[in-house]
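Close look at the chain arrangement
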Amino acid sequence: MLTSIKELLSFSGRASRSEYWKYAVPILVIIAGALYVDLAVLDPTAYQRVTTTTDLLTGEETQEVSIVIKYGPGVLSLVVSLILVVPFASVLTRRVHDIGFPGWYAWLALFLAFFFGPALSFFAGLLGLISIPLALVVSILLGIPQLVISILALIVIVLWGTTPSEAGPNEYGPSPLGAIA
């Protein structure tokens, strides 16, 4: 057990495909489970929004009342994800080392896959404090490219998990497969 914890917190060395998937799958399942609990069990947030509009020609005011339901990750999935990002980054870094790439590639892929979208959303939200139309335009213009970049980063992470180990020792250490590779 102690060896497994040390492996999950080590960023040096190499991780074979089987070691990577041994840790990556449970981590991703736990995060998905926390997200499910947030979305399905803890219920979405619902609130009432009242919008008042004024006709510029007549000066007549109208009010529209609508129910807004917010679906999205909550506190549980955020806390679980923040706790598990370090072990996942560790095993991904060692996996990337195993196929001969520097560890910062893993961090870049993690950022693009999981943090790039929320960072852009946060930026658009800040713009909303200045100008809601500007925030909407920025969200629309950046939304699709952000989604594509995140999906591509996820594909790269999966491909790294399936790429065979570099044969023999490399600059990051001996082969995790021993003399077989």
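Just so we're clear, the structure is a prediction, and the values are computed from it rather than from any experiment.

1. Some words on the packing of aromatic side chains
The geometry of an aromatic ring pair is captured by two quantities: the separation of the ring centres and the angle between the planes. Counted according to the given criterion, the structure contains six aromatic pairs. Ring centres 5.4 Å apart and planes at 25° place the aromatic pair Phe101 and Tyr105 in the stacked group. For Phe101, a relative accessible area of 33% corresponds to the partly exposed category. Taking relative accessible area as the criterion, Tyr105 reaches 30% and is therefore assigned partly exposed. Plain terms: the ring middles of Phe111 and Phe116 are 6.1 Å apart, the flat faces sit at 65° to each other, and that makes the pair edge-to-face. A relative accessible area of 37% places Phe111 in the partly exposed class. Overall, the relative accessible area of 19% leaves Phe116 in the buried class.

2. Focus on the environment of Leu28
Looking at the element boundaries, Leu28 is found in helix 2 (residues 17-41). Under the relative-accessibility criterion, Leu28 is labelled partly exposed at 36%. As a C-alpha pair, Leu28 and Leu84 span 56 residues in sequence and 8.8 Å in three-dimensional space.

3. Side note on the confidence of the model for the protein
Interpretation of the predicted coordinates at a detailed level should be avoided for regions scoring low in pLDDT. Here the protein averages 84 in pLDDT, while 90% of its residues score no lower than 70. By mean pLDDT, the top-scoring element of the protein is helix 3 (residues 75-98) (91), and the lowest-scoring one is helix 1 (residues 2-8) (70).

4. Concerning the nonpolar core
Ranked by internal contacts, the top residues of the largest apolar core, which has 22 residues, are Tyr20, Phe88, Leu92, Leu110, Ile157 and Trp160. For this core, the elements supplying multiple residues, two or more each, are helix 2, helix 3, helix 4 (104-130) and helix 5 (132-162). Top contributing element to this core by residue count: helix 3, with seven residues. If we skip the residues at most four places from it in the chain, Leu110 touches Phe88, Ala89, Leu92, Phe115 and Ile157.

5. Some thoughts on the environment of Asp38
Relative to the helices and strands, Asp38 is located in helix 2. The spatial distance from the C-alpha of Asp38 to the C-alpha of Gly74 is 5.4 Å, given a sequence separation of 36 residues.

6. A closer look at helix 3
In a regular helix each residue adds 1.5 Å, so 24 residues correspond to 34 Å; helix 3 covers 35 Å between its end C-alpha atoms and thus fits that length. Leu84 marks the point of greatest bend in helix 3, at about 35°, and the proline Pro87 comes within the next four residues. Directly beyond the C-terminal end of helix 3, a positive phi value near 95° is found at Gly100.

7. A short note on helix 4
Taking the largest bend as the criterion, helix 4 deviates by roughly 55°, centred on Phe115, and proline Pro118 comes between one and four positions later. Listed as buried for helix 4 are Ala106, Ala109, Leu110, Ala113, Phe116, Gly117, Ala124 and Leu127. Looking at the buried residues of helix 4, the elements they touch are helix 3 and helix 5.

8. A word on the packing of helix 4 against helix 5
The N-to-C vectors of helix 4 and helix 5 enclose an angle of 170°; their axes lie 9 Å apart at closest approach. In terms of orientation, helix 4 and helix 5 fall into the roughly antiparallel class. Its residues assigned to classes, the contact of helix 4 with helix 5 comprises 23 nonpolar, five polar and no charged.

About the criteria used
- Residues numbered from 1 in each chain as written.
- Predicted model: local features only at pLDDT ≥ 70, side-chain atom pairs only at ≥ 80, totals over all residues.
- Heavy atoms only, no water.
- Phe/Tyr/Trp six-rings, centres within 6.5 Å; stacked < 30°, edge-to-face > 60°.
- Buried < 20%, exposed > 50% of the residue type's maximum accessible area, 1.4 Å probe, protein only.
- Helix = DSSP H or I, 4+ residues; strand = E, 2+ residues; numbered from the N terminus.
- pLDDT = per-residue confidence, 0-100.
- Core = buried A, V, L, I, M, F, W, Y, C linked by side-chain atoms within 4.5 Å.
- Contact = heavy atoms within 4.5 Å.
- Expected span 1.5 Å × (residues − 1).
- Bend = angle between axes of the 7 residues up to and from the residue.
- Axes fitted to C-alpha atoms, helices over the stretch in contact; angles between N-to-C directions.
- Parallel < 35°, antiparallel > 145°, perpendicular 65-115°, else oblique.
- Nonpolar A, V, L, I, M, F, W, Y, C, P; charged D, E, K, R; others polar.

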